[in-house]
Each structure stands twice: as structure tokens, then as C-alpha cells.
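Architecture and fold: a report
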Amino acid sequence: KWARPCIKPVPATATAEGDLVIQVKAVKSKSKSSGKFFSIRSFLMGFWNNLLGMIGFVKFRKAARKNWEERKAYEDLVRRKAMEKKLAKAQQQNPNNNNNAAPGMA
């Protein structure tokens, strides 16, 4: 009967029967030691990762700039429409004043 190490408890009667031999199966995936702190491979992989990041930054920056300009134009449109509403409301309240000065400006 196979007993997995660190999972199944070994019954106490197993030692009374004689020698207890536990055979551990080989691990399927071997761990790879990092070795040195900086290796050539890690340096190249870091350089490649940084290069891809810079390319992605430039690529998405163009789209972000276009989005920023559209949003800014929309905000200017909203600001202009709000000012027109304020002026129209001010002219309705004071029909004698025909100059086009902004409210609060004399």
C-alpha cells in the first residue's frame, strides 16, 4: 500500500511488525535554481520586457492623446452651451439691457 508523505499518518502497528521502509517517489517537476543573482538570461529577459513595455507605451499613447483631445473639445462645447444658456436667461430676466456682456460683467 502506498502512503503519501506528509499526508497520511503511518499507523503505530506498522512499526511493531518489523522494519518500516518508506519509499518516496521521485518528484516529476524538478526545481530550477536561479543560480547567480544576475545571469545573462535574466538580463536579456528584463531588457526584452522593458522594450516591449516601451513599444506598448508609444502605441497606446497615440490613442490616449486622441481620446484626450476629443474629451477636451467636448468639455469646451459643454462650457460654451452653458454660457449661452446663462446669457439667454440673463436677457430674459432683463429685456432692457441689450448688450451681450456676460452676467456679472458690467
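A short tour of the structure in this document, coming up. (Residues numbered from 1 in each chain as written. Predicted model: local features only at pLDDT ≥ 70, side-chain atom pairs only at ≥ 80, totals over all residues. Heavy atoms only, no water.)

Observations regarding the overall build of the protein chain
Looking only at helices and strands, the protein chain features two helices and zero strands. Looking at the 106 residues of the protein chain, the share that counts as buried comes to 1%. As presented, the protein chain carries roughly 11100 Å² of accessible surface, and 60% of it is formed by carbon and sulfur atoms. (Helix = DSSP H or I, 4+ residues; strand = E, 2+ residues; numbered from the N terminus. Buried < 20%, exposed > 50% of the residue type's maximum accessible area, 1.4 Å probe, protein only. Areas by Shrake-Rupley, 256 points an atom, 1.4 Å probe, with all protein chains shown as cover.)

Some details on a nonpolar patch on the surface
Among the surface-exposed residues, Phe47, Trp48, Leu51, Leu52, Met54 and Ile55 lie close enough to one another that they form a single nonpolar patch of about 620 Å² accessible area. Mapped onto the elements, Leu52 comes out in helix 2 (residues 40–93). (Patch = residues over 30% accessible without salt bridge, like charges linked within 9 Å, V, L, I, M, F, W, Y side chains within 5 Å. Salt bridge = Lys/Arg side-chain N within 4 Å of Asp/Glu carboxyl O.)

Topic: the pattern of salt bridges
Applying the stated criterion to the full structure yields three salt bridges. Notably, a salt bridge pairs Arg65 with Glu69, separated by 3.6 Å at the nearest N-O pair. A residue pair is termed a helical-turn pair when its members lie 3 or 4 positions apart in one helix, as Arg65 and Glu69 do in helix 2 at four residues. Owing to a relative accessible area of 44%, Glu69 belongs among the partly exposed residues under this scheme. Between Arg79 and Asp76 there is a salt bridge, and its shortest N-O distance comes to 2.7 Å. You can see Arg79 and its partner Asp76 sitting in helix 2, three residues apart, about one turn around the helix. Among the residues examined, Arg79 registers a relative accessible area of 53% and is labelled exposed. Residue classification places Asp76 among the partly exposed residues on the basis of a relative accessible area of 38%.

Concerning helix 2
For helix 2, spanning 54 residues, the distance from its first C-alpha to its last is 77 Å, which sits close to the expected 80 Å at 1.5 Å a residue. The largest bend in helix 2 is about 25°, located at Arg61. (Expected span 1.5 Å × (residues − 1). Bend = angle between axes of the 7 residues up to and from the residue.)

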